Structures are given as C-alpha cells and as structure tokens.
Amino acid sequence: MVGDGRSYLIVGNWKMHRTVSETVEALLELTQRWKGAEGVKVVICPPFTAILIAAKTVAGSEIRLGAQNLHWAPEGAFTGEVSPVMLQELAVDYVIVGHSERRILFQEDGPAVAKKFAAALENGLLPILCVGENGAEREAGRQGQIVEEQIREVLTPLKEPGKFAIAYEPVWAIGTGKTAEPEDVQRMHGHIRTILGKCGVAAGQVPILYGGSVNASNSASLLSQRDVDGALVGGASLRNDEFLAIAGQAAQLAGRKI
Ligand code: PGA
C-alpha cells in the first residue's frame, strides 16, 4: 500500500510488438477510452521505434509512457543501444529494468541491471525493477532469497535511490497463463517491503507491482491484495478491451482505505 488510500500503477509492456502505425491505432483508441481515474496511473511501454510517435499520440491524455530497456551510459560506442538521455528527450517517464527476458535471453547480469537502474534515476526516469524466481528456484523454496538478492544488488550501491517501483514477476508465470496465487503474491510483496526497509528505503513509498499472466479475469483478486500496488501486464496489454478492463478494476479499488 502506498499512501493513505489505495493507488495503482497499471503498466502495459508491449514487448517486441506493434509497428509505428499499429502503435498509433492502439494508442488513439486507448486515449479516447481512458479518461483517467483518481488513484490510477496507466503507463504504456512501446518498442523504442514507436516511442516518438507514441509520445505525440498520448500528449495531453491520461496515458504515460515507459521504455522497456535502456543502456547506462549517456552516449558512446554501444552499437544498437539506447541511452537514458535519449529516452528523456522523448517524454518517457518510466523504464523497465531487469525484465527476466533481458536477464535470461540477453544475459543481463545483476551488475548490468544495477548500472541501468542507477542511470535511470540519475536521468530523471522512474525505473520499474523486475525481480522474480524461476520454476526450479520456487520448487526449492528459494524465491524469497532470490528476490532479496536481486533487490539488494541494485540498491546497495546507491546512497539515496529516489523514486522507483518494483515488479514481482515470477519467471514461471510470464507468458505461460500460470498466475501465482494471490495469497502467495501478497506474501512475497510483504517480504519485498521488509527487504526495502532493511535497505533503508521508505518501503511504503515504493509501488510494488505484480506481473505474470495478468488478465482481466485474475486482476481484481491480485490487485485487492494489501501490498499489490499495480500490475505489469504483457500479453493482455496488447488487447485494449482487456487492458482497459484491468485499469477499470484498479479504478474501482483505488482510494479504498485498508
Ligand atoms: P505476461 O508478461 O503478462 O504476458 O505474462 C508480463 C511481463 O513479461 O511483464
């Protein structure tokens, strides 16, 4: 829970989907249908190639933008990479850091994730740090330890981290249709708040999102858990009806005292 009443951050991670024209089409509809709601922020993370047109399309609307990745250097000889300074110029407010697809498919290790997280903060972007165990780690009962290591390696080098969010995304639940049980999610989110406290962070100020096969059928039970402050939505964010239904459920739950 962040603040007095409930507030939510609902983030759509489009991954490597949608061209420029598909982005405009999807965002025009979203901006027309999402008029904002007290206590709910809606963020879309398009691919890099579509961010500029996305920024123009959502200007003046209630939709905010995020990037799916960044490099830590402001500029340099890093072929194929995108810097935080470049993102800032595009009116991007958020950036996903350490998504499991980057960690696993592109060999991003803990020190790289930590550098990206720090670079995002230095450049005024709000990083959404993804953490979570894989299936074998869960079976071994190591999920709490894995998540603690992933958070500590990012926060330890920083004196005062500033504003950031965490997304708990168990790897076995991403894109698989398997969602963690709401009670398990709550337990892990409570654990994450404890870790943040131990790292000297005002844990109540950090939104903790859940991600992994979130859809309109399971989002209400996940979002109503005490320490779930939002969702990082992959597949379901590619269907406007479903994504808006999730945001609408957040709007119904927002503002309630718990
Ligand atoms: P999914 O992806 O909703 O398709 O499981 C979530 C994510 O990878 O952030």
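Conventions and cut-offs
Residues numbered from 1 in each chain as written. Predicted model: local features only at pLDDT ≥ 70, side-chain atom pairs only at ≥ 80, totals over all residues. Heavy atoms only, no water. Core = buried A, V, L, I, M, F, W, Y, C linked by side-chain atoms within 4.5 Å. Buried < 20%, exposed > 50% of the residue type's maximum accessible area, 1.4 Å probe, protein only. Helix = DSSP H or I, 4+ residues; strand = E, 2+ residues; numbered from the N terminus. Contact = heavy atoms within 4.5 Å. Expected span 1.5 Å × (residues − 1). Phe/Tyr/Trp six-rings, centres within 6.5 Å; stacked < 30°, edge-to-face > 60°. Lys NZ or Arg CZ within 6 Å of the ring centre and 35° of its normal. Salt bridge = Lys/Arg side-chain N within 4 Å of Asp/Glu carboxyl O. Pairing = 2+ DSSP bridges. Right-handed = clockwise from strand over helix to strand, strands pointing away. Near = heavy atom within 4 Å. Polar contact = N/O pair within 3.5 Å; in protein donor to acceptor, adjacent residues only side chain to side chain. Areas by Shrake-Rupley, 256 points an atom, 1.4 Å probe, with all protein chains shown as cover. Nonpolar A, V, L, I, M, F, W, Y, C, P; charged D, E, K, R; others polar. Axes fitted to C-alpha atoms, helices over the stretch in contact; angles between N-to-C directions. Left-handed = near helix turned anticlockwise from the far one by under 90°.

Colleague: If you had to explain the nonpolar core to someone new, which residues and values would you point to?
Modeller: The biggest cluster of nonpolar side chains holds 64 residues, and the ones touching the most others in it are Ile10, Leu87, Ile151, Ile166, Ile192, Leu196 and Tyr210. A per-element tally of this core places helix α10 (residues 240–253) first, with six residues. Apart from residues lying up to four places away in sequence, Ile10 is in contact with Val40, Lys41, Val42, Val43, Leu223, Gly230, Ala231, Phe243, Ile246, Ala247 and Ala250. Counting 13 residues, the second largest nonpolar core, distinct from the first, contains Leu9, Cys45, Tyr94 and Ile128.

Colleague: Would you mind going over helix α8 (residues 182–198) in detail, with residue names and values included?
Modeller: For α8, with 17 residues, the first-to-last C-alpha span of 24 Å sits near the 24 Å given by 1.5 Å per residue. Turning to α8, its buried residues are Pro182, Val185, Gln186, Met188, His189, Ile192, Arg193, Ile195 and Leu196. In this fold, the buried residues of α8 make contact with β5 (126–131), α7 (143–155), β6 (165–168), β7 (208–211) and α9 (219–223). One or two steps after α8, the chain reaches Gly200, where phi turns positive at roughly 80°.

Colleague: Which residues make up the packing of aromatic side chains, and what values go with them?
Modeller: Using the criterion set out here, one finds two aromatic pairs in the structure. The ring of Trp14 carries the charged tip of Arg18 above its face, separated from the ring centre by 4.4 Å. If you follow Arg102 out to its NZ or CZ, it ends over the ring of Phe106, 4.4 Å from the centre.

Colleague: Residues and numbers for the pattern of salt bridges, please.
Modeller: Where charged atoms of side chains with opposite charge meet at close range, the side chains can pair. Scanning all chains against the criterion turns up 14 salt bridges. The partner of Arg193 in a salt bridge is Asp229, with the nearest N and O atoms 2.6 Å apart. With Arg193 in helix α8 and Asp229 in the loop between α9 and β8 (230–233), the pair connects residues that are 36 residues apart, well separated along the chain. Across the pair, Asp229 and Arg193 agree in class, each one buried. Connected via shared salt-bridge partners are Arg6, Arg193, Asp227 and Asp229.

Colleague: Could you give me a rundown of the pairing of strand β3 (residues 63–67), with the residues and numbers involved?
Modeller: The buried fraction of β3 amounts to four of the five residues, a majority that puts the element mostly inside the structure. Relative to β3, strand β2 (residues 40–45) runs parallel, the two being bridged by three bridges. In the strand pairing of β3, Val42 is matched with Ile63. Viewed along the sheet, the connection from β2 through helix α2 (residues 51–58) into β3 turns out right-handed. In this structure, β3 lies alongside strand β4 (residues 94–97), joined through two bridges in parallel fashion. Paired with Ala67 across the strands is Val95, a residue of β4. Note on the crossover from β3 through helix α3 (residues 84–89) to β4: the handedness is right-handed.

Colleague: I'd love a proper account of the site of the ligand, names of residues and values included.
Modeller: Near the ligand lie 13 residues; those nearest to it are Lys15, His99, Glu169, Gly175 and Ser213. Gly234 places a main-chain nitrogen or oxygen 2.9 Å from an oxygen atom of the ligand. In the environment of the ligand, an oxygen atom lies 2.8 Å from a nitrogen or oxygen atom belonging to the backbone of Gly235. Protein contacts shield 95% of the accessible area of the ligand, which totals 280 Å² for the unbound molecule. Here the shell around the ligand is built from residues that sort into four nonpolar, seven polar and two charged.

Colleague: Give me the packing of α7 against α8: which residues, what numbers.
Modeller: Think of two packed helices as two axes; the pair is described by the angle between the axes and how far apart they sit. α8 packs onto α7 with a crossing angle of 35° between their chain directions and a minimal axis gap of 10 Å. The hand of the α7/α8 crossing is right-handed. Contacts between α7 and α8 involve Gln143, Gly144, Val147, Glu148, Ile151, Arg152 and Leu155 from the first element and Met188, His191, Ile192, Ile195, Leu196 and Lys198 from the second. Considering only residue class, the contact of α7 with α8 consists of seven nonpolar, three polar and three charged.

No statement about biological role is implied by the geometric values presented.
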